[in-house]
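Coordinate analysis (summary)
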Amino acid sequence: MEIINTEILVSSLFNVGFDKVDPALFVFVLAKLSMDDRRGFFRFDDKETSITFDKYVNYDGVVFKLKDGFQIDTNVSHVEGRVLLLGKALFTNRYLIKYLNNLDFTEIVVKKAQLYGIQSIEDIDRSKFSLKEIDILKKYTKEQQLILKK
């Protein structure tokens, strides 16, 4: 059994390309994981975030995002000549990352857009949606030739 928590889920989402994680994305991903995990391989058991996480991630009470000046591929090694990418420094779970890399986020992101009342790409509030989510919505609306409203 793999135990995950807020830090591991958020850090893993950063590692698969999200530049911010809001409550809707967090809950929808966790719900999808729960539905897909019929054997109970993952268990969510939250705990306080680590010093490393707090050093590199801002949380404003709503949205998690990397602090200014940091990207997932930023070298955060304290040893000259060594490379430690932020994505490797954050606590993640390799099985969770594998799951997330294979997950089609379209349904989750469309559901999030509907929750926020987004009817077109122009309505997107960048403070609530990551660049990856915006790309997913652009692709979805182009392929489906639909607006997002039900």
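Residues numbered from 1 in each chain as written. Predicted model: local features only at pLDDT ≥ 70, side-chain atom pairs only at ≥ 80, totals over all residues. Heavy atoms only, no water.

**Description of the overall build of the chain**
- For the chain, the count of helices and strands is 7 helices and 5 strands.
- Mapped in sequence order, the helices and strands of the chain form the string β-α-β-α-β-α-β-β-α-α-α-α.
- Dimensions of the chain, computed from C-alpha atoms along their principal axes, come out at roughly 50 × 40 × 25 Å.
- The proportion of buried residues among the 150 residues of the chain is 40%.
- In the chain, 65% of the contacts between residues at least 6 apart in sequence involve partners at least 24 apart.
- Put simply, the chain shows about 9,400 Å² of open surface, and 50% of that area lies on carbon and sulfur atoms.
- Put simply, the chain has 23 plus and 22 minus side-chain charges, and the middle of one group is 4 Å from the middle of the other. (Helix = DSSP H or I, 4+ residues; strand = E, 2+ residues; numbered from the N terminus. Buried < 20%, exposed > 50% of the residue type's maximum accessible area, 1.4 Å probe, protein only. Contact = heavy atoms within 4.5 Å. Areas by Shrake-Rupley, 256 points an atom, 1.4 Å probe, with all protein chains shown as cover. Lys, Arg positive; Asp, Glu negative; His and termini not counted. Charge placed at Lys NZ, Arg CZ, Asp CG, Glu CD.)

**As for the pattern of salt bridges**
- Counting across every chain of the model gives 5 salt bridges.
- A salt bridge links aspartate 36 to lysine 32; the nearest nitrogen and oxygen atoms lie 3.4 Å apart. With aspartate 36 and lysine 32 both in helix H2 (residues 23-36) and 4 residues apart, this pair spans about one turn of that helix.
- Shared partners join several salt bridges into a network, and the residues in it are Asp22, Lys112 and Glu133. (Salt bridge = Lys/Arg side-chain N within 4 Å of Asp/Glu carboxyl O.)

**Considering helix H1 (residues 6-15)**
- The buried fraction of H1 is high, at 9 of 10 residues.
- N-capping of H1 is provided by asparagine 5, with a side-chain oxygen placed 3.0 Å from the backbone N of glutamate 7.
- At the exit of H1 stands glycine 17, carrying a positive phi of roughly 115°. (Polar contact = N/O pair within 3.5 Å; in protein donor to acceptor, adjacent residues only side chain to side chain.)

**Section: the packing of H2 against helix H5 (residues 94-102)**
- The interhelical angle for the contact between H2 and H5, taken along N-to-C directions, is 100°, at an axis separation of 12 Å. Taken together, the axes of H2 and H5 are roughly perpendicular relative to one another. Of the residues in H5, those touching H2 at Val29, Lys32, Leu33 and Asp36 are Leu96, Tyr99 and Leu100.
- For the contact of H2 with H5, the per-class residue count stands at 5 nonpolar, no polar and 2 charged. (Axes fitted to C-alpha atoms, helices over the stretch in contact; angles between N-to-C directions. Parallel < 35°, antiparallel > 145°, perpendicular 65-115°, else oblique. Nonpolar A, V, L, I, M, F, W, Y, C, P; charged D, E, K, R; others polar.)

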